[in-house]
Amino acid sequence: MGSLFERAPLPHKIRPSSFAQVIGQEKAKLQLQKYKEPVSILLYGPPGTGKSTIARILGGTWKLPFVEYNAVTTGVADIKKLLERSEKEGSILLFLDEIHRFSSSQQDSLLKGVETGGIVLIGATTENPSFRITRPLLSRCQVLRLEPLGENDLLEILSRGIESLDPKPNITKEASSLLVRYSGGDARKLLSNLEGLVLSRDPGVQIEASDIETFLESRVIEYDQSGESHYDVISAFIKSVRGSDPDAALFYLALMLEGGEDPLFIARRLIILASEDIGNASVHGLPLAVAGLHALETIGMPEGRIILGQVTTFLASCPKSNASYLGIGSALSFVKERGTSLKIPNRLRNAPTATHKKEGAGQGYKYPHDFGGFTPFSYFPDDLSDNPPQFYKPTKNGMEGKIREHLSSIWKKISGKNYE
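Parameters at a glance
Residues numbered from 1 in each chain as written. Predicted model: local features only at pLDDT ≥ 70, side-chain atom pairs only at ≥ 80, totals over all residues. Heavy atoms only, no water. Helix = DSSP H or I, 4+ residues; strand = E, 2+ residues; numbered from the N terminus. Rg over C-alpha atoms; globule rule 2.2 N^0.38 Å. Buried < 20%, exposed > 50% of the residue type's maximum accessible area, 1.4 Å probe, protein only. Contact = heavy atoms within 4.5 Å. Areas by Shrake-Rupley, 256 points an atom, 1.4 Å probe, with all protein chains shown as cover. Lys, Arg positive; Asp, Glu negative; His and termini not counted. Charge placed at Lys NZ, Arg CZ, Asp CG, Glu CD. Pairing = 2+ DSSP bridges. Axes fitted to C-alpha atoms, helices over the stretch in contact; angles between N-to-C directions. Expected span 1.5 Å × (residues − 1). Arc of directions from axis to C-beta. Salt bridge = Lys/Arg side-chain N within 4 Å of Asp/Glu carboxyl O. Domains from an automatic or database assignment. Buried area = accessible area lost by both parts, 1.4 Å probe. Polar contact = N/O pair within 3.5 Å; in protein donor to acceptor, adjacent residues only side chain to side chain. Nonpolar A, V, L, I, M, F, W, Y, C, P; charged D, E, K, R; others polar. Phe/Tyr/Trp six-rings, centres within 6.5 Å; stacked < 30°, edge-to-face > 60°. Parallel < 35°, antiparallel > 145°, perpendicular 65-115°, else oblique.

Draft legend 1. The overall build of the protein chain, seen in detail. Looking only at helices and strands, the protein chain has 20 helices and 5 strands in total. Compactness check: the protein chain gives a C-alpha radius of gyration of 28 Å against a globular reference of 22 Å for 420 residues, more than 25% above the reference. When burial is assessed residue by residue, the protein chain has 41% of its 420 residues classed as buried. Restricting the contact set of the protein chain to residue pairs at least 6 apart, pairs at least 24 apart contribute 71%. With the model as given, the accessible surface of the protein chain reaches about 23100 Å², and the carbon-plus-sulfur share is 52%. Here the protein chain contributes 49 positive and 49 negative side-chain charges, whose respective centroids are spaced 9 Å apart.

Structure, rendered in structure tokens:
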């Protein structure tokens, strides 16, 4: 009787056991091979790009007991048991798939183990950790992004899968390309489709492109919420809103919702867009986008589609400005170049006590409201007062046009220069 491993699904049977066998992810592999000692890591990227494989390789490299949990079926009690085990046996590598599905309190249960090293956490997520992972846990982990696998990578993986099958199937070049296309960048899905296709046909029969289409006819969905299409469709959606085309935006919104996309992911992207691409041209955009997220969390789906539709059409119809986005980027570049050691002048320093006032803190400050709401005054450090930089350059679009008119007169009074 064959072993259990011999009857395992194809993706598991040919899973790489070393970084040398991993196809693609060259940048990530270079970084991972630097970790000679155990370190907690958050891996994020599309499904089927090697997160669980990397976790297993690291477990073998560090020679640690390997425990695999899925956040959907794991609770705080499981984490506590694992902590108790680590206290007796030493460090344990925990691979926690879909870690973004852990609540804040569940993530907090990991902190002690990660902090002490009792648990070496390898968390896998398809979501950007900055959105779904708590700051305390995020600060205790290295973050590594895995890129979607390219067509050449997937063809190589497919070839490896074909070679491992006995008897070896005869698949045309066109059929192979079609299998790769329908995988959506997911190597696991690619190999599972290959195995299912081969098992459904008589040995030795050549597999054509038409056979792929027939086999996958009931399975292929043009939008794969967690594959390559996930990134393409959200990109098209955001570009449509930014480009002030509410109809195209609604089309891509509907495509995502029908494809099973996480509506909260869409709502968070709309919040970013409201600030980055609309900004002060319509100051109602950001509050509406934030309110949309809260409303969606409260009522859920399917009614949440109405909220997403409203926020999408409003933001798409708003005047656009990225002046605030460019402004903070310019200011950050300036600070990085000049350093953060510029001295805050006394006139702007806080003066909470008599000692501070005696030292000169607050002296020379002009309270604008004592002068009707504005008086010419330099708020920059003295080193920059003679030639103050301009980071925020409001456009003439929407409400920002009024802001521009107001700041133009102020800028002239302060710097003696015309507003750019």
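Don't stop here, the text continues.
Draft legend 2. Inspection of the sheet that holds strand E3 (residues 92-97) at higher detail. Strand order in the open sheet made by the 5 strands is E2-E3-E4-E1-E5, with parallel pairing throughout. Here the strands that pair on one side only, and so sit at the sheet edges, are strand E2 (66-70) and strand E5 (142-145). Looking at each pair of strands side by side, their axes are set apart by 20 degrees on average, direction ignored. Here E2 runs beside E3; their pairing, made up of 5 bridges, is parallel.

Draft legend 3. The arrangement of helix H17 (residues 323-338) in detail. In a regular helix each residue adds 1.5 Å, so 16 residues correspond to 22 Å; H17 covers 22 Å between its end C-alpha atoms and thus fits that length. Taken together, the buried positions of H17 are Ala323, Gly327 and Ala331. The arc that holds the buried residues of H17, viewed along the axis, is 70 degrees, so those residues lie on one side. Residues of H17 that are exposed and point more than 90 degrees away from the buried face comprise Lys336 and Glu337.

Draft legend 4. Spotlight on the pattern of salt bridges. In total, this model carries 11 salt bridges according to the counting rule given. The partner of Arg132 in a salt bridge is Asp262, and the shortest N-O contact between them spans 3.6 Å. Remark: Asp262 occurs in the loop between helix H13 (246-258) and helix H14 (263-278) and Arg132 occurs in helix H6 (residues 129-132); sequence separation between them is 130 residues. Among the salt bridges present, the one from Arg242 reaches Asp277, with a minimum N-O distance of 2.9 Å. A residue pair is termed long-range when its members are at least 10 positions apart, and Arg242 in helix H12 (residues 228-242) and Asp277 in helix H14 qualify at 35 residues. In this structure Arg242 comes out as partly exposed when scored by relative accessible area, which is 35%.

Draft legend 5. Structural view of the environment of Leu10. Relative to the helices and strands, Leu10 is located in helix H1 (residues 10-13). The spatial distance from the C-alpha of Leu10 to the C-alpha of Arg56 is 17 Å, given a sequence separation of 46 residues. Once residues within four sequence positions are removed from consideration, Leu10 is found in contact with Gly161, Ser164, Leu165, Leu191, Leu194 and Glu195.

Draft legend 6. Just the domain arrangement of the protein chain, in detail. What the domain assignment reports for the protein chain is domain 1 (25-145), domain 2 (151-223), domain 3 (228-317) and domain 4 (341-412). Placing a centre on the C-alpha atoms of domain 3 and another on those of domain 4 gives a separation of 36 Å. Contact residues are listed per partner, giving 5 residues for domain 3 and 6 residues for domain 4. Surface buried jointly by domain 3 and domain 4 totals about 380 Å² across both partners, of which 63% is contributed by carbon and sulfur atoms. Summed over the three residues of domain 3 that lose the most area to domain 4, namely Asn280, Ala281 and Val283, the buried surface amounts to 90% of that side. Where domain 3 meets domain 4, there are 0 salt bridges. Remark: the boundary between domain 3 and domain 4 carries 2 residue pairs in polar contact (both at pLDDT 80 or more). Taken together, the residues of the side of domain 3 that touches domain 4 break down into 2 nonpolar, 3 polar and no charged.

Draft legend 7. View of the packing of aromatic side chains. Overall, the coordinates contain 3 aromatic pairs when judged by the stated rule. For the ring pair Phe66 and Phe95, a centre distance of 6.4 Å and an interplane angle of 20 degrees mean the geometry is stacked. Pair noted here: Phe66 is in strand E2 and Phe95 is in strand E3, with a separation of 29 residues, a long-range link. By relative accessible area, which is 1% here, Phe95 ends up buried. Ring plane angle 70 degrees and centroid distance 5.0 Å describe the contact between Phe251 and Tyr252, whose orientation is recorded as edge-to-face.

Draft legend 8. Fine view of H13. Helix length check: H13, at 13 residues, gives a terminal C-alpha distance of 18 Å against a target of 18 Å (1.5 Å per residue), a fit within 8%. With its phi angle positive at about 90 degrees, Gly260 sits one or two positions after the end of H13.

Draft legend 9. Examining the packing of helix H9 (residues 173-183) against helix H11 (residues 209-216) more closely. In contact at an axis separation of 7 Å, H9 and H11 are set at 30 degrees when each is read in the N-to-C sense. Overall, the two elements H9 and H11 adopt an arrangement that is roughly parallel. Touching Glu174, Ala175, Leu178, Leu179 and Tyr182 of H9 are Ala209, Ile212, Glu213 and Leu216, all from H11. Taken together, the residues of the contact of H9 with H11 break down into 7 nonpolar, no polar and 2 charged.

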